[in-house]
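Per-entry structural report
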Amino acid sequence: MSQVQPPKVAPLAVIVTGLPATGKTTVARHIAYVHRLPLLTKDEIKETLFDQLGWGDREWSRRLGRAAVALLLQFLRAHAAAGLPCVIESNFPPESAADLLALQREHLFRPFQVVCRTDGTELLRRFRARTGQRHPGHGDEQLLEELGPRLLAARYEPLDIGGVLWELDTTDWQSLDLSPLDAEITATLTAHAAA
């Protein structure tokens, strides 16, 4: 049996990140739809785990959050190994950079990081507005107390993973123009296909 050769060109991995309530999932779904790319989000995994395993206190939610990020990375690993582009979305903590870099050494991919940013006052308003609207396992009431000051400060450092970094101001959805981002992703994917 012959050994399977790795892909000759590293596939694109669109990594959408930022603070909670910045619109990451909406942006990631837009990218996946426009560019016909497979997408997996942290909250989709986490809510599936809640439904299968139940939900409880904040520590349980954190544990399932860590499991969800591990599964996101496995999704990326599978696509990178096959030479296929994909989109993943999460409010990745800074320590995720080391995991992504280790994965990249294992299965080369080209990171395209989209960081969603929102004014702190608007961010806090959005989070309050969605409290009670999401899966109860998230415990948004407790999260609001925990994250309130961080949301108001609106500070989020991009992951130090190299590749393309695209910062997107999502404060005003009405005036948000995603066409420059779409054009950049299209150009990157086209270059990949040509190679």
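Our subject in this report is the structure included herewith. (Residues numbered from 1 in each chain as written. Predicted model: local features only at pLDDT ≥ 70, side-chain atom pairs only at ≥ 80, totals over all residues. Heavy atoms only, no water.)

1. Concerning the environment of Cys 86
The line we're drawing: Put simply, DSSP marks the helices as runs of H or I at least four residues long and the strands as runs of E at least two long, and each gets a number from the N terminus on. For every residue, the accessible area (1.4 Å probe, protein chains only) is compared with the maximum for its type, and the residue is labelled buried under 20%, exposed over 50%, or partly exposed between those bounds. Any two residues whose heavy atoms approach within 4.5 Å are treated as being in contact.
The topology assignment puts Cys 86 in strand β3 (residues 86–89). Residue classification places Cys 86 among the buried positions, given a relative accessible area of 1%. Sequence separation between Cys 86 and Gly 23 is 63 residues, and the spatial gap between their C-alpha atoms is 19 Å. Non-local contacts of Cys 86, meaning those with residues more than four positions away in its chain, are made with Leu 12, Ala 13, Val 14, Pro 38, Phe 75, Leu 76 and His 79.

2. Remarks on unusual backbone geometry
Phi angles above zero are rare outside glycine, and Ala 21 is one such case at about 75 degrees. Along the polypeptide, Ala 21 turns up in the loop between β1 (12–18) and α1 (24–35). Phi is positive for Ala 154, which is not a glycine, with a value near 55 degrees. You can see Ala 154 is positioned in the loop between α6 (140–153) and β5 (164–169). What makes Ala 154 partly exposed here is its relative accessible area of 25%.

3. Thoughts on the nonpolar core
Definition in use: Residues belong to one nonpolar core when they are buried, are Ala, Val, Leu, Ile, Met, Phe, Trp, Tyr or Cys, and are joined through side-chain atoms within 4.5 Å.
Counting residues in each nonpolar core, the largest one holds 32 residues, and the members touching the most others are Ile 15, Leu 76, Phe 92, Leu 100 and Phe 109. Listed by contribution, the elements that provide at least two residues to this core are β1, α2 (42–53), α3 (58–82), β3, α4 (96–106), α5 (120–130) and α6. Core analysis: the second largest hydrophobic core is formed by 18 residues, Val 16, Ile 31, Phe 112 and Leu 176 among them.

4. As for the pattern of salt bridges
Quick note on the threshold: Salt bridges, as used here, are contacts in which a Lys or Arg side-chain nitrogen is within 4 Å of a carboxyl oxygen on Asp or Glu.
If you walk through the whole model with that rule in mind, you get 10 salt bridges. Residue Arg 62 is joined to Glu 59 by a salt bridge in which the shortest nitrogen-to-oxygen separation is 3.5 Å. Separated by three residues within a single helix, Arg 62 and Glu 59 lie in helix α3, roughly one turn from each other. Residue class for Glu 59 comes out partly exposed when judged on its relative accessible area of 37%.

5. Brief notes about the environment of Arg 58
Take Arg 58: it is sitting in helix α3. The class for Arg 58 is buried, based on a relative accessible area of 15%. Leave out the neighbours within four places in its chain, and Arg 58 touches Gln 142, Leu 143 and Glu 146.

6. Thoughts on the state of the cysteines
What counts, and what does not: A pair of sulfur atoms, both from cysteines and within 2.5 Å, is called a disulfide here.
Taken as a whole and judged by the stated rule, the model has zero disulfides. Cysteine Cys 86 shares no disulfide, and the gap to the nearest cysteine sulfur, in Cys 116, comes to 17 Å. Judged by relative accessible area, Cys 116 falls into the buried class, the value being 2%.

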